[in-house]
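Understanding the architecture of this molecule
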Amino acid sequence: MNIYSLRRKDLENYFENIGQKKFKAVQVYEWLYKKKVTSFASMSNIKKEIIQKLEEDFEIATPEIIKIQNGKDVHKFLFNMQDGEKIEAVLMNHDYGNSLCVSTQVGCNMGCAFCESGRLKKRRNLTADEMVTQILLVEAELNIRISHVVLMGIGEPFDNYDNVMKFIDIINDDNGLGIGARHITVSTCGIVPKIREFSKEKRQVNLAISLHAPNDELRNKLMKINLAYPIKEVIGAVKDYLKVNNRKVTFEYIMLKGVNDKEKHAIELANLLKGLTCYVNLIPYNETSHIEFKKTENKDIMRFYDILKKNKINVTVRREFGSEVEAACGQLRSNYKEEK
Ligand code: SAH
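All of these numbers come straight from a predicted model, not from anything done at the bench. (Residues numbered from 1 in each chain as written. Predicted model: local features only at pLDDT ≥ 70, side-chain atom pairs only at ≥ 80, totals over all residues. Heavy atoms only, no water.)

**Section: the overall build of the protein chain**
Convention followed: Secondary structure elements follow DSSP: runs of H or I no shorter than four residues count as helices, runs of E no shorter than two count as strands, and numbering proceeds from the N terminus. We take the radius of gyration over the C-alpha atoms and set the globule estimate at 2.2 Å times the residue count to the 0.38 power. Using a 1.4 Å probe on the protein chains alone, a residue whose accessible area is under 20% of its type maximum counts as buried, one over 50% counts as exposed, and one in between counts as partly exposed. Residue contacts are defined here by distance: any two heavy atoms, one from each residue, within 4.5 Å place the two residues in contact. By the counting scheme adopted, Arg and Lys are positive, Glu and Asp are negative, and His together with the chain ends is not counted. Where a charge lies is defined by one atom per residue type, namely NZ (Lys), CZ (Arg), CG (Asp) and CD (Glu).
When helices and strands are tallied, the protein chain shows 12 helices and 12 strands. Relative to the 2.2 N^0.38 estimate, which gives 20 Å for 340 residues, the radius of gyration of the protein chain is 21 Å and therefore close to what a compact globule would have. Counting the 340 residues in the protein chain, one finds 56% classified as buried. Put simply, 65% of the contacts in the protein chain that link residues at least 6 apart link residues at least 24 apart. Between the mean site of the 53 positive side-chain charges and the mean site of the 46 negative ones, the protein chain shows a separation of 5 Å.

Take a look at the structure:
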């Protein structure tokens, strides 16, 4: 068992089960996440015999960074997991802090027509420790503190729900990395039962929904998931989320030239979202090997933006990050073996 996959309370239970005081869990957490040691032997305020027991029961293991590409304010990391699978994470330097875009699966089964990450079908879920160590390795490599985390890398977080929630608990813990819930954003393509489950947990974590189209006819073409959970059900789940969670929901909307970026789409979108506590994040499309999709021109993005504004929908345009090193949204890949 990898020690990085334990919540503090799991570690407290462990210590109680071996007849120790549970505050030892706090000490171990501080060693791992504040002092960032990578061996039990370095945990100098813990008794020798307990260190031995920890060494028998756990490993402190991480993947390996095998490639780093640096762009302006952006660094893309390729990781080799312990079983040889590959995933990527992207660090962005914002003026408000450092934000890491974390992957949650090797490959992805959601099959969105425009996204590079789904070119490789899901091979497996990432474990909580494989998500936690993306943060630890990037912090160590760049000698920085990561203040924000977005679950927007490779994979669908709500298709790996339990590990993702565990991951959030671990990085949110004050005795560990202490990344504030409000600084964590989980993004889903719209798996309705999981939105509902997430809703019940009443977390302060931000919820983002990849919408990308204002009607089912168009969304069915772009996102296979819409056949299972059409827009009405997604919006219904978001409405119920908003009844019990005092948070704004983000709707992500990629701007695809000539596909979903016309005036009528903006009006339809405004009508769909009217009255919801939300904002729309317009995402300039990053061109990929899906050559059928092109990026909407800036002036057309701004026209779309203006229509939403005029209709009293909160809207922002996502800053373009990392396209020079193929580190932008939808450009991350797991299928390195085939390519390089
Ligand atoms: N599976 C989750 C998490 C991935 S988030 C989800 O769908 O929300 C990645 C975001 O980038 C999603 O909103 C996704 O739709 C968007 N995206 C995918 N391909 C893109 C591309 N080529 N350009 C811009 N955004 C893209």
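**Focus: the side chain of E88**
Quick reminder of the rule: Two N or O atoms count as a polar contact when they lie within 3.5 Å, although within protein this holds only if one can serve as hydrogen donor and the other as acceptor, and sequence-adjacent residues are included solely when both atoms are side-chain atoms.
Residue placement: E88 occurs in strand 3 (residues 86-94). For E88, a relative accessible area of 1% corresponds to the buried category. Within polar-contact distance, the side chain of E88 engages the backbone nitrogen of R333 at 3.0 Å.

**Things to note about the site of the ligand**
As a reminder of what qualifies: Working definition: residue near molecule or strand if any one of its non-hydrogen atoms lies within 4 Å of it.
The local shell around the ligand holds 21 residues, among which S187, S210, H212, Y285 and N286 are the closest. Contact distances for the ligand include 3.4 Å between an oxygen atom and a backbone N or O atom of T188. Between the ligand and S210 there is a distance of 2.6 Å, counted from an oxygen atom to a side-chain nitrogen or oxygen. Elements represented by at least two residues in the shell around the ligand include exactly strand 8 (184-188) and strand 10 (249-255).

**Section: the pattern of salt bridges**
This is how the line gets drawn: Salt bridges are defined as contacts in which a side-chain nitrogen from Lys or Arg sits within 4 Å of a carboxyl oxygen from Asp or Glu.
Inspection of every chain in the model, using the stated rule, returns 24 salt bridges. Where K53 meets D57, a salt bridge forms, and the shortest distance between an N and an O atom there is 3.0 Å. On the criterion of helical spacing, the pair formed by K53 and D57 is a turn pair, its members being 4 residues apart in helix 3 (residues 48-57). Taking the relative accessible area as the measure of exposure, K53 reaches 29% and is therefore partly exposed. With relative accessibility at 27%, the residue D57 sits in the partly exposed group. The closest approach of N and O atoms between E326 and R333, which form a salt bridge, is 3.4 Å.

**Side note on the domain arrangement of the protein chain**
Worth spelling out the cut-off: In this document the domain limits rely on a domain assignment from an automatic tool or a database. Here's the idea: put two parts together, see how much 1.4 Å probe accessible area each one loses, and the total over both is what we call buried area. In the scheme used here, Gly and all other residues not listed as nonpolar or charged are polar, with Ala, Val, Leu, Ile, Met, Phe, Trp, Tyr, Cys and Pro taken as nonpolar and Asp, Glu, Lys and Arg as charged.
Split by domain assignment, the protein chain resolves into domain 1 (3-57) and domain 2 (64-339). Contacts between the two partners involve 12 residues from domain 1, matched on the other side by 14 residues from domain 2. Taken together, the two surfaces of domain 1 and domain 2 that pack against each other cover about 1,200 Å², and 56% of this comes from carbon and sulfur. When the buried surface of domain 1 facing domain 2 is broken down by residue, Y4, R7 and Y33 rank first, second and third, together holding 44% of it. At the boundary of domain 1 and domain 2, one finds 3 salt bridges. Between the two partners, domain 1 and domain 2, sit 7 residue pairs in polar contact (both at pLDDT 80 or more). Classifying every residue of the side of domain 1 that touches domain 2 gives 5 nonpolar, 1 polar and 6 charged.

**Let's talk about the sheet that holds strand 11 (residues 278-284)**
Let me state the cut-off plainly: Whether two strands pair depends on DSSP finding at least two bridges between them. What counts as an axis is a line fitted to C-alpha atoms, over the stretch in contact for a helix, and the angles between N-to-C directions run from 0 to 180 degrees.
Read across the open sheet, the 10 strands follow the order 1-2-3-4-7-8-9-10-11-12; overall the sheet is mixed. Two strands bound the open sheet, and with one partner strand each, they are strand 1 (64-71) and strand 12 (314-317). Across the sheet, the axes of successive neighbouring strands diverge by a mean angle of 20 degrees, strand direction being ignored. With 4 bridges connecting them, strand 8 and strand 9 (residues 206-210) associate as parallel partners. Counted as the bridge partner of T185 is N206 from strand 9.

**Let's talk about the pairing of strand 9**
The cut-off we apply is this: Handedness is read with the strands pointing away from the viewer; a crossover is right-handed when the path from the first strand over the helix to the second is clockwise.
Of all 5 residues making up strand 9, 5 are buried, and the element is well covered by its neighbours. Here strand 9 shows no split at all, with N206, A208 and S210 on one side and L207 and I209 on the other all buried. In this view, the connection linking strand 8 to its parallel neighbour strand 9 by way of helix 6 (residues 192-201) has right-handed handedness. Here 3 bridges tie strand 9 to strand 10, and the two strands are oriented parallel to one another. Residue pairing for strand 10: S210 is matched across the bridge by E252.

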